[in-house]
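Structure assessment
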Amino acid sequence: QVQLVESGGGLVQPGGSLRLSCAASGITSDYYAIGWFRQAPGMEREGVSCISTSDGYIYYADSVKGRFTISRDNATNTVYLLMNSLKPEDTAVYYCAASDYYCSGSAEYWGQGTQVTVSS
């Protein structure tokens, strides 16, 4: 059973940084993808970033490109999302999700979500 546990959310001022963590357990395959999504109140869920162990593909939404960095620590089975230059419009609940093989695959497992609030 795959489990994803998120952490790292909180309150930060505009221009600040946060690093979100997605700790994965129960993944037995060497080939999978972890993606980050976010959902703000009244808004549709948005794909933010994704990284695949299968082909090395990395994706960023245009809204976060150049500010966010996704990375993976194999030793701890943890995927990180480093968020720099945060803006109020980045405020949302952030979720991580896992799929088999590629970022184009459908997400089968989800974390519980972590709140990110960017406000002065």
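Up top is the structure.
Residues numbered from 1 in each chain as written. Predicted model: local features only at pLDDT ≥ 70, side-chain atom pairs only at ≥ 80, totals over all residues. Heavy atoms only, no water.

**Quick look at the overall build of the protein chain**
A tally of regular secondary structure across the protein chain gives zero helices and eleven strands. When the helices and strands of the protein chain are read in sequence order from the N terminus, they spell out β-β-β-β-β-β-β-β-β-β-β. For 120 residues, the compact-globule formula gives about 14 Å, and the C-alpha radius of gyration of the protein chain, at 13 Å, lands near that figure. The dimensions of the protein chain, computed from C-alpha atoms along their principal axes, are 45 × 30 × 25 Å. When the 120 residues of the protein chain are sorted by exposure, 38% land in the buried category. Sequence separation of 24 or more characterises 53% of the internal contacts of the protein chain that already satisfy a separation of 6 or more. For the protein chain, the exposed surface amounts to about 6400 Å²; the carbon and sulfur share of it is 47%. If the 7 positive side-chain charges of the protein chain are averaged to one point and the 11 negative ones to another, these points end up 7 Å apart. (Helix = DSSP H or I, 4+ residues; strand = E, 2+ residues; numbered from the N terminus. Rg over C-alpha atoms; globule rule 2.2 N^0.38 Å. Buried < 20%, exposed > 50% of the residue type's maximum accessible area, 1.4 Å probe, protein only. Contact = heavy atoms within 4.5 Å. Areas by Shrake-Rupley, 256 points an atom, 1.4 Å probe, with all protein chains shown as cover. Lys, Arg positive; Asp, Glu negative; His and termini not counted. Charge placed at Lys NZ, Arg CZ, Asp CG, Glu CD.)

**Observations regarding the sheet that holds strand β3 (residues 18-25)**
Spatially, the four strands line up as an open sheet ordered β1-β3-β8-β7, and their pairing is antiparallel. Only two strands of the sheet have a single neighbouring strand rather than two, namely β1 (3-7) and β7 (68-73). Sheet twist, expressed as the average angle between the axes of neighbouring strands with direction ignored, equals 15°. Bridge count between β7 and strand β8 (residues 78-83): six bridges; the pairing is antiparallel. The partner of Ile70 across the bridge, within β8, is Leu81. (Pairing = 2+ DSSP bridges. Axes fitted to C-alpha atoms, helices over the stretch in contact; angles between N-to-C directions.)

**Observations concerning the nonpolar core**
If you look at soluble globular proteins, the nonpolar side chains tend to sit buried side by side. Core analysis: the largest hydrophobic core is formed by 27 residues, its most contacted members being Leu4, Ile34, Trp36, Phe68, Leu81, Met83 and Tyr94. Of all the secondary structure elements, the ones that give two or more residues to this core are β3, β4 (32-39), β5 (46-52), β7, β8, β9 (92-100) and β11 (114-118). Beyond its immediate sequence surroundings of up to four residues, Met83 is in contact with Gly16, Ser17, Leu18, Leu20, Arg67, Phe68, Tyr94 and Val116. (Core = buried A, V, L, I, M, F, W, Y, C linked by side-chain atoms within 4.5 Å.)

**Let's talk about the state of the cysteines**
In total, this model carries two disulfides according to the counting rule given. The disulfide partner of Cys22 is Cys96, and the S-S distance across this bridge is 2.2 Å. Its S-S torsion of approximately 70° makes the covalent link between Cys22 and Cys96 right-handed. Taken together, the residues span a long stretch of sequence, with Cys22 in strand β3 and Cys96 in strand β9 at a distance of 74 residues. Among the residues examined, Cys22 registers a relative accessible area of 1% and is labelled buried. In this model Cys50 forms its disulfide with Cys103; the gap between the sulfur atoms is 2.1 Å. Looking down the S-S bond of the Cys50 and Cys103 bridge, the torsion is -100°, so its handedness is left-handed. In this pair, Cys50 sits in strand β5 while Cys103 sits in the loop between β9 and β10 (109-110), placing the two residues 53 residues apart along the sequence. With a relative accessible area of 9%, Cys50 lands in the buried category. Residue classification places Cys103 among the partly exposed residues on the basis of a relative accessible area of 22%. (Disulfide = S-S within 2.5 Å.)

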